[in-house]
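One letter stands for each residue in the lines below.
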Amino acid sequence: GAGVSQSPRYKVAKRGQDVALRCDPISGHVSLFWYQQALGQGPEFLTYFQNEAQLDKSGLPSDRFFAERPEGSVSTLKIQRTQQEDSAVYLCASSVRLAGSLRSYNEQFFGPGTRLTVL
Amino acid sequence: SQQGEEDPQALSIQEGENATMNCSYKTSINNLQWYRQNSGRGLVHLILIRSNEREKHSGRLRVTLDTSKKSSSLLITASRAADTASYFCATDRPGAQKLVFGQGTRLTINP
């Protein structure tokens, strides 16, 4: 079956340009996550959706970052007026887990990521 | 900021040897997971251990969890060249969905 897919795989942007990164989660997965991974570091949480509701956006570094999942499936992470410090790999993950569920599992399946380079 | 710390940061061993990586974390957790990441690729889920479990096996992988010490270890037995990758531990806390990752251990298996 298809896993999590992300597009584009690579994006080069000039400083100040807006970018949009797309994530297609595994079909039927309720939860969707975005993470940012700097070179040589572990991923860091950005934001989380349950269906179309954005339940946690505490990791978004600034108001230039915006994420949406309007129909509870595909999600887009938008970065406005990109800066050099935004250069990183942006990872999307999906999970079957529901917030508040008695089930404690939280296995997240990751996409290949989008490598963003801001010049 | 990241909660977990992996130890060592880098590990290089000969093919066939066992590799052990450790992870420490700071707060109470629901689950602890280990992921593998090959260079330039996404994260692959390896194994999940719940906070009420102490040990888990999956193929050549063995994970232990000591909640009193807030630490976990990942053992890869009979290592292969294909095991060369970065390994991350990730935790999630009660009531929270997000994963908090460590810095990772870069494992190199020499043929």
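Use the structure listed above.
Keep in mind that this is a model prediction, so the values were computed, not measured.

**Notes on the pattern of salt bridges**
Residues and elements named next belong to chain A.
Link 1 in the chain: Counted by the stated rule, this structure contains six salt bridges over all chains.
Link 2 in the chain: Residue Asp86 pairs with Arg64 through a salt bridge whose shortest N-O separation is 2.8 Å. Of this pair, Asp86 sits in the loop between strand S8 (75-79) and strand S9 (88-95) while Arg64 sits in the loop between strand S6 (53-56) and strand S7 (65-68), and the two are 22 residues apart along the sequence.
Link 3 in the chain: Judged by relative accessible area, which is 2%, Asp86 ranks as buried.
Link 4 in the chain: Residue classification places Arg64 among the buried residues on the basis of a relative accessible area of 11%.
Link 5 in the chain: The shortest N-O distance in the salt bridge between Lys78 and Glu68 comes to 3.4 Å. One end of the pair, Lys78, is in strand S8; the other, Glu68, is in strand S7, with 10 residues separating them in the sequence.
Link 6 in the chain: Residue classification places Lys78 among the partly exposed residues on the basis of a relative accessible area of 32%.

**Comments concerning the state of the cysteines**
Here, the word disulfide means a covalent bond between the sulfur atoms of two cysteines.
Link 1 in the chain: Scanning the model with the defined rule gives two disulfides over all chains in all.
Link 2 in the chain: Between the sulfur atoms of Cys23 of chain A and its disulfide mate Cys92 of chain A the distance is 1.8 Å. Taking the sign of the S-S torsion, about -65° here, the bridge from Cys23 of chain A to Cys92 of chain A comes out left-handed. Here Cys92 of chain A lies in strand S9 and Cys23 of chain A lies in strand S3 (residues 19-24), a separation of 69 residues in the sequence.
Link 3 in the chain: Since its relative accessible area comes to 0%, Cys23 of chain A is described here as buried.
Link 4 in the chain: Judged by its relative accessible area of 0%, Cys92 of chain A is buried.
Link 5 in the chain: Covalently, Cys23 of chain B is tied to Cys89 of chain B through a disulfide, its sulfur atoms 1.9 Å apart. Its torsion about the S-S bond being 65°, the disulfide of Cys23 of chain B and Cys89 of chain B is classed as right-handed. Of this pair, Cys23 of chain B sits in strand S3 (residues 19-24) while Cys89 of chain B sits in strand S9 (residues 85-92), and the two are 66 residues apart along the sequence.

Thresholds, definitions, all that
- Every chain is numbered on its own, with residues counted from 1 as its sequence reads.
- All chains are assigned letters beginning at A, and all ligands numbers beginning at 1, according to the order in which they are written.
- Note on the predicted model: pLDDT of at least 70 is required for a residue's local features to be given, and 80 or more for side-chain atom pairs to be given and counted; whole-chain, interface and lining totals, by contrast, use all residues.
- Excluded from the side-chain calculation are hydrogens and water; included are all heavy atoms of the structure.
- What makes a salt bridge here is a side-chain nitrogen of Lys or Arg within 4 Å of a carboxyl oxygen of Asp or Glu, nothing more.
- Helix and strand definitions here come from DSSP, where helices need a minimum of 4 consecutive H or I residues and strands a minimum of 2 consecutive E residues; each element is numbered from the N-terminal end.
- Per-residue accessibility, obtained with a 1.4 Å probe over protein chains only, is compared with the maximum for each type, and a residue is labelled buried under 20%, exposed over 50%, and partly exposed between these values.
- Note on terminology: disulfide denotes any pair of cysteine sulfur atoms within 2.5 Å.

None of the figures reported here should be taken as evidence of function without further support.
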